[in-house]
Amino acid sequence: MTAPQQETTEADDADDAARSADSADSADSIDFDPFDPAYRADPYPYYRRLRDRSPVHRTPLGHWLLTRHEDCTAVLRHPGFGHGTGQVLDQNTFRRPVRGRARPFILLDPPEHTRLRSLVNKAFTPRRVARLEPRVREIVDGMLDDLIDAGEVDFIDAFAYRLPVSVISEMLGVPAADRDAVRELSTLVARGVDPDFQLSKEQLENRDRAFAEFDEYFRGLLAERRARPSDDLISALVQAGDGAERLTEPELLTTCILLYVAGHETTMDLLGNGLLALLRHPAELRRFGADVDGLAESAVEEFLRYDPPTQLSRRTALADAEIGGRRIAAGEQVVIMRGAANRDPAVFADPDRLDIGRPDNRHLAFDGGIHYCLGAPLARLEGRVAFGAVVRRAPRMEPAFTELRYRDNLIIRGLAELPVRLRS
Ligand code: HEM
């Protein structure tokens, strides 16, 4: 990859030095291959190596990989980085636009992002989330009644998937009878979150079909709620704003899908990855059990830091910028490696240690800029209630696996299954 033409300065010399260090320390010798099965099983040694050797690393494909907390935060907060809709041609090696559909606001820049997010905020309020707590407890307790002392169970299917999907479905107003059909669509959309180049033709077609069927499904639900509003989130989204400042039909459709998919695929992995961390750290499990109420909140934050459900996010440089002493040219793509930033020793003491009481946990699992996760209060609530109940009711839980299998997804990190015995 050639550097853009520029005048020579001291900073450029440093840049060139780093660049030649990079080419000497090429992608091969850095040994970073996100498609390697060993990376999927445990990406953290790869992240450490990358951060130590080339923290602002340019891949042979021309993407910049950021592994330091400081650099990731700088990009997330930088108005000169975004999704590249408008100012700069989106050099879309990552995702081709789906014709005729509104872009979800997670992929928009200001001012479109600001307008949509503030409309959705009017419906997705902290009050609406807090009000759910008794119902979340009820769902958790009901599910655990069937799982505690039931022998070997798959925690992902029997609990980690079911809790968030029930909660977001009830919140949005998706009837219980429709959930299995919607589950299948959601899985196809979540698989399609990965860059297009990583997906087969069939996976791309499935994703497009899932979007079309999702649209049709939510179109029907929106029409019902317009005719007969209830107190669910879909009704609130329809009514959010006034006059001209309302969500249009295409915006409502993509927002419903975004909330539905984002609302459970990631929370499922918070629950799965978090339980796995506890199973692998029996001393932390005992510590948690001895003070469930005191530790539930910080334990959830630590699970999010230690093994975050969303590992990577992409941004495009909307103008030339400098990050971590490297010059990034307008139009170039930057990858925020959240899993790496969350283990940066410059920010987290003893970063590879699971410490469920970790103070001042500034992880990036929910982002750190204008796209900060809208559903973070809901995910935290579900995590706190779920782990609290599981640890209290199954203090002698034990693994029932010898090997683990991760779902085939680069961006979202989560287990395909987690066999466990939840012993009281
Ligand atoms: C543990 C669970 C969750 C994790 C780890 C997570 C993570 C994230 C991350 C990293 C982003 C920013 C993505 C980016 O900037 O590229 C994000 C945005 C978002 N999340 Fe979550 N999320 C979780 C749960 C939820 C839930 C429960 C909901 C909704 C019910 C939700 C809805 C959203 C939405 C709507 C955005 C877009 C915000 C914006 O663009 O302004 N998420 N989430």
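Whatever comes next refers back to the structure up there.
None of the values given here were measured: they were computed from a predicted structure. (Residues numbered from 1 in each chain as written. Predicted model: local features only at pLDDT ≥ 70, side-chain atom pairs only at ≥ 80, totals over all residues. Heavy atoms only, no water.)

1. Section: the packing of helix H12 (residues 201–227) against helix H14 (residues 249–280)
Part 1 of the argument: Taken N-terminus to C-terminus, the directions of H12 and H14 make an angle of 110°; their axes are 9 Å apart at the nearest point. Relative to H14, the element H12 lies roughly perpendicular. Facing Phe 211, Phe 214, Asp 215, Phe 218, Arg 219, Leu 222 and Arg 226 of H12, the residues of H14 in contact are Glu 249, Leu 252, Leu 253, Cys 256, Ile 257, Tyr 260 and Val 261. (Axes fitted to C-alpha atoms, helices over the stretch in contact; angles between N-to-C directions. Helix = DSSP H or I, 4+ residues; strand = E, 2+ residues; numbered from the N terminus. Parallel < 35°, antiparallel > 145°, perpendicular 65-115°, else oblique. Contact = heavy atoms within 4.5 Å.)

2. Structural notes on the sheet that holds strand E3 (residues 81–82)
In any sheet, the strands associate via hydrogen bonds between backbone groups, in a parallel or an antiparallel arrangement.
Part 1 of the argument: Pairing is mixed in the open sheet, where five strands are placed in the order E1-E2-E8-E5-E3. At either margin of the open sheet sits one strand with a lone partner, and together these are strand E1 (56–58) and E3.
Part 2 of the argument: Here helix H5 (residues 69–77) sits on the sheet and contacts E1, strand E2 (64–66), E3, strand E5 (312–317) and strand E8 (333–337); the angle it forms with E8, its principal contact strand, is near 125°. (Pairing = 2+ DSSP bridges.)

3. So, the packing of helix H11 (residues 179–191) against H14
Part 1 of the argument: Axis separation between H11 and H14 bottoms out at 10 Å; the angle between their running directions is 85°. The pairing of H11 with H14 is recorded here as roughly perpendicular in orientation. Taken together, the residues of H14 that come into contact with H11 (itself represented by Arg 179, Val 182, Ser 186, Thr 187, Val 189 and Ala 190) are Tyr 260, Val 261, His 264 and Glu 265.
Part 2 of the argument: A per-class count over the contact of H11 with H14 returns five nonpolar, three polar and two charged. (Nonpolar A, V, L, I, M, F, W, Y, C, P; charged D, E, K, R; others polar.)

4. Regarding the coordination of the iron atom of the ligand
Part 1 of the argument: Exactly one protein atom donates to the iron atom of the ligand; that atom is Cys 373 (SG), 2.3 Å from the metal.
Part 2 of the argument: Structurally, the position occupied by Cys 373 is in the loop between helix H17 (338–341) and helix H18 (376–393). (Donors = N, O, S within 2.8 Å, 3.2 Å for Na, K, Ca; no water.)

5. Quick notes on empty space enclosed by the protein
Part 1 of the argument: Taken as a whole and judged by the stated rule, the model has two cavities of 30 Å³ or more.
Part 2 of the argument: The volume enclosed by the largest cavity comes to roughly 70 Å³.
Part 3 of the argument: Lining the largest cavity are Tyr 39, Arg 40, Pro 43, Tyr 47, Gln 311, Tyr 406, Arg 407, Asn 409, Leu 410, Ile 412, Arg 413 and Gly 414.
Part 4 of the argument: Counted by class, the lining of the largest cavity contains six nonpolar, three polar and three charged residues. (1 Å grid on protein atoms, 1.4 Å probe; cavity = no way out; pocket = protein on both sides within 12 Å on 5 of 7 lines; lining within 4 Å. Points joined across faces, edges and corners; volume = space filled by probe spheres on them.)

6. Observations regarding the packing of aromatic side chains
Part 1 of the argument: Counted according to the given criterion, the structure contains 10 aromatic pairs.
Part 2 of the argument: Grouped by ring-pair contacts, the aromatic residues Tyr 39, Tyr 44, Tyr 46 and Tyr 47 constitute a single cluster.
Part 3 of the argument: One residue, Arg 305, lies across the ring of Phe 348, its end atom 5.3 Å from the ring centre.
Part 4 of the argument: Arg 343 extends its terminal NZ or CZ atom over the ring of Tyr 306, reaching a point 4.2 Å from the ring centre. (Phe/Tyr/Trp six-rings, centres within 6.5 Å; stacked < 30°, edge-to-face > 60°. Lys NZ or Arg CZ within 6 Å of the ring centre and 35° of its normal.)

7. Notes on the layout of surface pockets
Part 1 of the argument: In this structure, the second largest pocket spans a volume of roughly 420 Å³.
Part 2 of the argument: Looking at the second largest pocket, it is lined by 22 residues, and the ones nearest its centre are Phe 32, Pro 34, Thr 59, His 63 and Leu 65.
Part 3 of the argument: Mapped onto the lining of the second largest pocket, the elements with two or more residues apiece are E5 and E8.
Part 4 of the argument: Residue contributions to the lining of the second largest pocket peak at three residues, all from E5.
Part 5 of the argument: Taken together, the residues of the lining of the second largest pocket sort by class into 16 nonpolar, four polar and two charged.

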